[in-house]
Amino acid sequence: MSEEQGKTIDIKKLLKSVLAFKSSDLHLVVGSEPQIRIDKELRPLNLPKLTALDVEEMAYSLIEEKQKKEFEEHNELDFSFELKDIGRFRANYYRTIHGIGCAFRMIPIEIPTLDEYGNPPIFKELIKKEKGLILVTGPTGSGKSTTLASMLHEINITERRHIITVEDPVEFVHQNEKSLFSQRDVGSSTESFAAALKYALRQDPDIILIGEMRDAETIGAALTAAETGHLVFGTLHTNSAPGTINRIIDVFDGAEQAQIRAQLASSLVSIISQTLIPKIGGGKVATQEILIINPAIQNQIREDKVHQIYSQMQLNQQETHMATQTQEILNLLKQGTITKENAIKNSNKPEEFMKLIKSL
């Protein structure tokens, strides 16, 4: 067997192990054996420790010359790819003091429906909106991309819409069913999120997905699109629904914040803040804090009283379909789905949660 064949088979075998062990990620780091992530924990594979040459050969076997040049120039590279009979992956290459590091995230080829993913029925109502902004937030690895893909898939099988996605990189690849997809990859299909959004409004979209709302320019363009008759989906790395509103406002200068509050109040439809928690017996369960905008919350956003929104979310939940993360985690604990330790560790309001479980 030639050296070229050896390294190709090695990386494919490693990526196949992600699928075989039902793990989410594969990490290649110089000086360590390859490791996979199962239920939030890293677990080493029973293989020799990797040298700098091992990682470089495996990393470069998966990319083209153009990507290699980009990585060597910037020391960072994001891309996605598909391996036949194995699956689809999102990859990030980075450089450490010892050499190249690689992180691979498994992306399901089959996109789950909202029902298969176990999402609450209100999600089917939210995606029927003609315009507005729907945000799915949470830390890295919390299943944001899967939730958004399920929402778009539901639209795809029920509505005739033109859906533009702008991602870095494209993760879930949608097949056109009733809807028409135009999926754009930042870097190869478009220069930036902001540039893609600027031109998206001329491409006759009904729905726009923004992979990540990173800066003021992108957030501003998303709000404008939501105000002008488009349904916009986006993500942020925030851990609560009210916290997401503050994060958006804080991205802007003080002089602009009043205008942004007004735009958010009029265009925001919902914020779903998601966390994945390890289940007893294996696997993970999603907890979803759900904020749905109503006139009272619109006023609180406009009047800079975001701190009052959490209390509003706790009222009349049977009618509003809202949920707080604390209540969701408490329910999972009562059902015996998660441990007390994991409940506390993943709570975004641990003090409030501790008070509640003392009464159990």
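Provided above is the structure to which this section pertains.
So, how was this worked out
Residues numbered from 1 in each chain as written. Predicted model: local features only at pLDDT ≥ 70, side-chain atom pairs only at ≥ 80, totals over all residues. Heavy atoms only, no water. Core = buried A, V, L, I, M, F, W, Y, C linked by side-chain atoms within 4.5 Å. Buried < 20%, exposed > 50% of the residue type's maximum accessible area, 1.4 Å probe, protein only. Helix = DSSP H or I, 4+ residues; strand = E, 2+ residues; numbered from the N terminus. Contact = heavy atoms within 4.5 Å. Pairing = 2+ DSSP bridges. Axes fitted to C-alpha atoms, helices over the stretch in contact; angles between N-to-C directions. Parallel < 35°, antiparallel > 145°, perpendicular 65-115°, else oblique. Left-handed = near helix turned anticlockwise from the far one by under 90°. Nonpolar A, V, L, I, M, F, W, Y, C, P; charged D, E, K, R; others polar. Patch = residues over 30% accessible without salt bridge, like charges linked within 9 Å, V, L, I, M, F, W, Y side chains within 5 Å. Areas by Shrake-Rupley, 256 points an atom, 1.4 Å probe, with all protein chains shown as cover. Salt bridge = Lys/Arg side-chain N within 4 Å of Asp/Glu carboxyl O. Lys, Arg positive; Asp, Glu negative; His and termini not counted. Charge placed at Lys NZ, Arg CZ, Asp CG, Glu CD. Phe/Tyr/Trp six-rings, centres within 6.5 Å; stacked < 30°, edge-to-face > 60°. Lys NZ or Arg CZ within 6 Å of the ring centre and 35° of its normal.

Engineer: Sorry, what's going on with the nonpolar core here?
Structural biologist: In globular proteins that are soluble, nonpolar side chains generally tend to be buried together. In this structure, Phe233, Ile245, Leu264, Leu268, Leu291 and Ile301 are the most contacted members of the largest nonpolar core, which totals 58 residues. Tallying contributions element by element places helix H7 (residues 216-227) first for this core, with five residues. In this structure, Ile245 is in contact with Leu264, Leu268, Ile271, Leu291, Ile301, Val306 and Ile309, ignoring residues within four places of it in sequence.

Engineer: Sorry, what's going on with the pairing of strand S8 (residues 162-167) here?
Structural biologist: In terms of burial, S8 is a largely internal element, six of the six residues being buried. Of the two faces of S8, both are covered, the one formed by His162, Ile164 and Val166 as well as the one formed by Ile163, Thr165 and Glu167. With six bridges joining them, S8 and strand S9 (residues 180-185) adopt parallel strand pairing. If you follow Ile163 over to S9, its bridge partner there is Phe181. By the bridge criterion, four bridges tie S8 to strand S10 (residues 207-210) in an arrangement that is parallel. In the sheet register, Val166 faces S10, and the bridge partner there is Ile210.

Engineer: How should the packing of helix H6 (residues 193-200) against H7 be read in this particular structure?
Structural biologist: A pair of packed helices is characterised by two quantities: the angle between their axes and the separation of those axes. Where H6 contacts H7, the two axes come as close as 9 Å, and the packing angle between them is 20 degrees. The orientation of H6 relative to H7 falls into the category roughly parallel. Both H6 and H7 take part in a crossing whose hand is left-handed. Contacts from Phe193, Ala194 and Leu197 in H6 reach Glu217, Thr218, Ala221 and Ala222 in H7. Its residues assigned to classes, the contact of H6 with H7 comprises five nonpolar, one polar and one charged.

Engineer: Before we go on, may I ask you to explain the side chain of Ser179 in this structure?
Structural biologist: Tracing the sequence through the fold places Ser179 in the loop between S8 and S9. The class for Ser179 is buried, based on a relative accessible area of 2%. Dropping the residues within four chain positions of it, Ser179 is found in contact with Ile155, Asn156, Glu159, Arg160, Arg161 and Ile163.

Engineer: Is there a simple way to explain a negative patch on the surface in this structure?
Structural biologist: A cluster of acidic residues, Glu70, Glu73, Glu76 and Asp78, forms a negative patch on the protein surface. Those elements that place two or more of their residues in the negative patch are helix H3 (65-74) and strand S4 (76-83). Along the chain, the position of Asp78 falls in strand S4. The exposure class assigned to Asp78 is partly exposed, which follows from its relative accessible area of 35%.

Engineer: Even after reading the chapter, I still don't get the sheet that holds strand S3 (residues 41-44), so can you show me in this structure?
Structural biologist: Pairing within the open sheet is antiparallel, and its six strands lie in the order S3-S2-S1-S6-S5-S4. Each edge of the sheet is formed by a strand with only one pairing partner; in this case those strands are S3 and S4. The mean inter-strand angle of the sheet, taken between neighbouring strand axes irrespective of direction, is 25 degrees. In this sheet, strand S2 (residues 35-38) lies alongside strand S1 (residues 25-28) in antiparallel orientation, the contact comprising three bridges. If you follow His27 over to S2, its bridge partner there is Gln35.

Engineer: Looking at this model, I keep getting lost on the packing of aromatic side chains. Mind explaining?
Structural biologist: The relative placement of two aromatic rings is captured by the distance of their centres and the angle of their planes. According to the stated counting rule, one finds six aromatic pairs in the structure shown. When the ring of Phe81 is compared with that of Phe89, the centres are 5.6 Å apart and the planes differ by 20 degrees; the resulting orientation is stacked. Each member of the pair, Phe81 together with Phe89, is buried. Taking 6.1 Å as the distance between ring centres and 80 degrees as the angle between the ring planes, the aromatic pair formed by Tyr93 and Phe104 counts as edge-to-face. Residue Tyr93 is found in strand S5 (residues 87-96), and its partner Phe104 is found in strand S6 (residues 99-107); the two are separated by 11 residues along the sequence. In terms of burial, Tyr93 and Phe104 fall into one category: buried. Ring-pair connections join several aromatic residues into one group, and the members of that group are Phe71, Phe79, Phe81, Phe89, Tyr93 and Phe104. For Lys349, the ring lying beneath its charged end belongs to Tyr310, and the centroid distance is 4.5 Å.

Engineer: It is not clear to me how the pattern of salt bridges should be interpreted in this structure. Could you clarify?
Structural biologist: Two side chains with opposite charge may pair up if their charged atoms get near one another. Counted under the stated rule, the structure contains 11 salt bridges. As a salt-bridge pair, Arg88 and Glu82 come within 4.0 Å of each other at their nearest N and O atoms. On the accessibility criterion, Arg88 (10% relative accessible area) is buried. Residue Asp304 is joined to Arg261 by a salt bridge in which the shortest nitrogen-to-oxygen separation is 3.9 Å. On the criterion of sequence distance, the pair formed by Asp304 in the loop between helix H10 (295-302) and helix H11 (309-313) and Arg261 in helix H9 (residues 254-267) is long-range, its members being 43 residues apart. For Asp304, a relative accessible area of 46% corresponds to the partly exposed category.

Geometric descriptors of this kind do not, in isolation, establish any biological role.
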